[in-house]
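Read off the chains here:
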Amino acid sequence: MQNKVLVIGSGGAGLVAALNAHEAGADVTVLTKDYPTRAQTSMAQGGINAVLKHSQNDSVEAHIANTLKSAHGIASEEEVKKLCTEAVDAVEWLDNIGVQFSRTKDGKIAHRRLGGASGDRACYAQDYTGLKILHTLYDQVISKNIEIINDRFLLDIITKQNKVEGVSVLNKRSGEVEVYSANAVVLATGGYARIYDKHSTNAVGTSGDGIAAAIRAGARVSDMEFVQFHPTALKNSSILISESARGAGGHLLNSKSERFVDELLPRDEVARAIHEEMQKGEDIFLDIRHLGEEFIDEELPQERKLAKLYENVDPVYDLIPIKPVAHYTMGGIEVDKNSQTKVEGLFACGECANHRVHGANRLGGNSLLELVVFGREAGVSAADYAKNISVDASVDKIESNNILDEINTYTNDINFYEARTALGDMFYKNVGISRDKKSLQESLKTIKDYISKLHLMGVKDKSKIYNTNLIEFLEFKNMLELSRLVLKGALDREESRGAHYRSDFPNENEAYAKHTIVDINGVVAS
Amino acid sequence: MNIKIKRDELVEYNVSELKGATLLETLNYIKTKIDPTLTYSSGCRSSVCGSCAVRVNEKEVLACSYKVQEGDVIEPLKNVEVIRDLVVNMDKAYEFNAKSKAWINKSASTPDVTQENEKLNEVQSDCILCASCYSACPVYAVNPEFKGPFSLTRVYKYVSDVRDSDAKEKIDVIQTNGIWDCTLCNECTMVCPQDISSKADIEKLRMKSTQYGYMDPNFGSFDGGLDFL
């Protein structure tokens, strides 16, 4: 077998990787947990950063400088340069394939301001930027006749002597374990912010399945302790209200209707300021009433709809009750300059990977950009690798079968859904915007306790057909594995940097200006 | 409060503990506290991923944006194979996007898109592929190969895009099992959570088709009868 590239995940990063691997001559198959347009990418609202030819009072250098500043010393300058320099090309390509970017009066792609940016730099499609990019990518993938296989849950990455040979997946429809052989595998499976359960803006399946599988297969992960809290999620539902609402001039107010922070600082600083107000007992609101109905309907139609639907307020006339919740995970699978992991032939891109461009805090508008720039790199690298390697097509699936057989013996003494809720509540309180040694140690103890009791938290539904009870258990198991790594990183990092704020070590410490790198056996470098 | 959910048969659940909950919150409550075997799809919880469309009292809704009422009857989408409970197989429905060639044919040089150009298909590009329209469409009862509302809206999106260089190819493929099979009943428009009217898009595609020399085959067959004279 030759030239076979499997892409796991069908969000923006996965589809960009698939298109590029295909163009580079590989035989590509995309495996997805659901369907290709249902990914987290659809939820990105604000925009994609790019300094275009018609951009005024802005430069690629400024984009690089803003990104590095927000990263607080632990981004790779080289990778950030790559990200920002290739941004023009990325957005022009998206424009070329039909993304409906909002336009200026003279027919240019419109820009708007997001937090931490020195210029109006985010290209957007109303506040549906991610949705429109994702669907356009999907249309391109079907135009190339690239195979997409739906409803496959990633179990394990199959390796032999640290070389990838394929993956095992659970076919959700049949309940059978299936093995797909490949010369190269690209992981594009998303982040892990659902560890925070209902205190997260993320889609329900954002459980870090690919990251957990990569560690089990011998890859390394890094910077897991850096979790971004978005300042403005709706108070009751944790549904995202885009940063573009603040970019356009929205104000943050406390119960006394006072502004208390510069709304356009990077997300970590704004989230912390809100957290401090809330600790004083204040309720916090986003106020965009002064922007006017016409502007809101033109530029922020989704925000109005979401606020009405999920918070029962109309932003044209009312204050929007908000709170900061977990939104994006900066940490992820370690990759090299070609997006390859420590496992040969295993590549990663998108939120599941750590390309070291976000460091301690990601800038709004850089994640959609990342998935195009590094999705392309991962796709091309995987195709190049696949050309020159042959693998045994007869890999077996025994190990993955064993896991499912084992889970089948677990008893139902504890409802794992209750444990999942408790995990989220504990993480939001103890491993959230502010952390300290005691709260982290307590949490680690609880996680270890959960892991030791997994055999009592079994799956009640014994059906083979579309067993979402089993899928959710497997996701919970992955989240527990990743929780431990988040806590390990957060405990080791005795300083405050970007999104990682330790109340017992409130200052940045030069000694920690480095990455926390972990493999299955623990910390390997920091 | 009680609601009924179509599983192998209609099953009644008491959800009195919940107040003002969305249907998705209600399904989550049942699954995590009452019956973990209840099976449904969900994703973003915020009406943008298209995962959770179901039928409530015979009308398509997104579970995450519908507020549950006493006595509601919840069923899976129609015109698609039910895999289990409220989960359906969307493979065939999605394939109509490919069959309709719903993508851009790139020009050698991309013309600038004006604000007016962008507005032409802004609404169509809001589609979340939830398949509510597909479920509500009565044409599938008589023609399972109908390319259907969401695919045809996607075709309109691309043929109305100034960046597309070959609208004719798409217009050609939607003549069969496409725009002329629609009865213009407007059911698709009534259920779209994104306020898209596929019926209106299909009418616009019919007009475009006549510009390319195609005729409504329903009239054509009538005229055809005269050819024997």
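Residues numbered from 1 in each chain as written. Chains lettered and ligands numbered in written order. Predicted model: local features only at pLDDT ≥ 70, side-chain atom pairs only at ≥ 80, totals over all residues. Heavy atoms only, no water.

Residues and elements named next belong to chain A. Look at N3: it is not a glycine, yet its phi comes out positive at around 70°. With phi around 60°, R356 is a residue other than glycine that occupies positive phi space. In this fold, R356 is placed in the loop between strand 18 (353–354) and helix 11 (366–387). (Helix = DSSP H or I, 4+ residues; strand = E, 2+ residues; numbered from the N terminus.)

A word on the domain arrangement of chain A. Residue and element names in this part refer to chain A. The domain architecture assigned to chain A consists of domain 1 (233–324) and domain 2 (403–506 + 514–520). The gap between the C-alpha centroids of domain 1 and domain 2 is 30 Å. Opposite the 6 residues of domain 1 that make contact, domain 2 presents 6 residues. Carbon and sulfur atoms make up 63% of the area that domain 1 and domain 2 hide from each other, which totals about 510 Å². It is R272, H275 and P324 in domain 1 that bury the most area against domain 2; as a group they hold 70% of the surface buried on that side. (Domains from an automatic or database assignment. Contact = heavy atoms within 4.5 Å. Buried area = accessible area lost by both parts, 1.4 Å probe.)

On to the interface of chain B and chain A, then. Think of interface size as the accessible area that goes away when the parts come together; that is how it is often given. Taken together, the contact between chain B and chain A spans 57 residues of the former and 60 residues of the latter. Across the chain B to chain A interface the summed buried area is about 4,800 Å²; carbon plus sulfur atoms make up 46%. Connecting chain B to chain A are 6 salt bridges. The closest approach of N and O atoms between B:R163 and A:D95, which form a salt bridge, is 2.6 Å. Run the count over chain B and chain A and you get 39 residue pairs in polar contact (both at pLDDT 80 or more). Counting residues per element, the ones that place at least two in the side of chain B that touches chain A are helix 1 (23–34), strand 6 (81–84), strand 7 (87–89), helix 2 (91–99), helix 3 (115–120) and helix 5 (149–159) of chain B. Counting residues per element, the side of chain B that touches chain A draws most heavily on helix 2 of chain B, which supplies 4 residues. Along the lines of polarity and charge, the residues of the side of chain B that touches chain A split into 22 nonpolar, 20 polar and 15 charged. (Salt bridge = Lys/Arg side-chain N within 4 Å of Asp/Glu carboxyl O. Polar contact = N/O pair within 3.5 Å; in protein donor to acceptor, adjacent residues only side chain to side chain. Nonpolar A, V, L, I, M, F, W, Y, C, P; charged D, E, K, R; others polar.)

Below, the discussion takes up the sheet that holds strand 2 (residues 27–31) of chain A. All names here are of chain A. The parallel open sheet is built from 5 strands, whose spatial order is 6-2-1-10-17. Of all the strands in the sheet, the pair left with one neighbour each is strand 6 (147–149) and strand 17 (346–348). Strand-to-strand twist across the sheet, computed as the mean angle between neighbouring axes with direction ignored, equals 20°. The pairing of strand 10 (residues 184–187) with strand 17 spans 3 bridges and is parallel. The residue of strand 17 that forms the bridge with V185 is L346. Helix 1 (residues 12–23) contacts strand 1 (4–8), strand 2 and strand 10 of the sheet and is inclined by roughly 165° relative to strand 2. (Pairing = 2+ DSSP bridges. Axes fitted to C-alpha atoms, helices over the stretch in contact; angles between N-to-C directions.)

Another aspect to go through is the packing of helix 13 (residues 416–430) of chain A against helix 14 (residues 437–452) of chain A. All names here are of chain A. Relative to each other, helix 13 and helix 14 sit at 165°, their axes nearing to 10 Å. Classified by the angle their axes make, helix 13 and helix 14 are roughly antiparallel. The handedness of the crossing between helix 13 and helix 14 is left-handed. Contact residues: A419, A422, L423, M426, F427 and N430 in helix 13; S439, L440, E442, S443, T446, I447 and Y450 in helix 14. Taken together, the residues of the contact of helix 13 with helix 14 sort by class into 8 nonpolar, 4 polar and 1 charged. (Parallel < 35°, antiparallel > 145°, perpendicular 65-115°, else oblique. Left-handed = near helix turned anticlockwise from the far one by under 90°.)

Further remarks concern the pattern of salt bridges. Residue and element names in this part refer to chain A. In the structure shown here, the tally under the stated rule is 62 salt bridges over all chains. D156 serves as the salt-bridge partner of R216, at 3.0 Å between the closest nitrogen and oxygen. Taken as a pair, R216 in helix 6 (residues 209–216) and D156 in strand 7 (residues 152–160) lie far apart in primary sequence, 60 residues in all. Looking at R216, the relative accessible area reads 30%, which means it is partly exposed. Overall, the relative accessible area of 12% leaves D156 in the buried class. Across the pair K256 and E282 runs a salt bridge whose closest N-O atoms are separated by 2.4 Å. Placement of K256 in the loop between strand 13 (251–253) and helix 8 (267–279) and of E282 in the loop between helix 8 and strand 14 (284–287) is noted, with a sequence separation of 26 residues between them. Classification of E282 as buried rests on a relative accessible area of 11%. (Buried < 20%, exposed > 50% of the residue type's maximum accessible area, 1.4 Å probe, protein only.)

Residue and element names in this part refer to chain A. Alignment of strand 19 (residues 517–519) against strand 20 (residues 522–525), held across 3 bridges, turns out to be antiparallel. The residue of strand 20 that forms the bridge with V518 is V523. The hairpin turn running from strand 19 into strand 20, its antiparallel successor, is 2 residues long.

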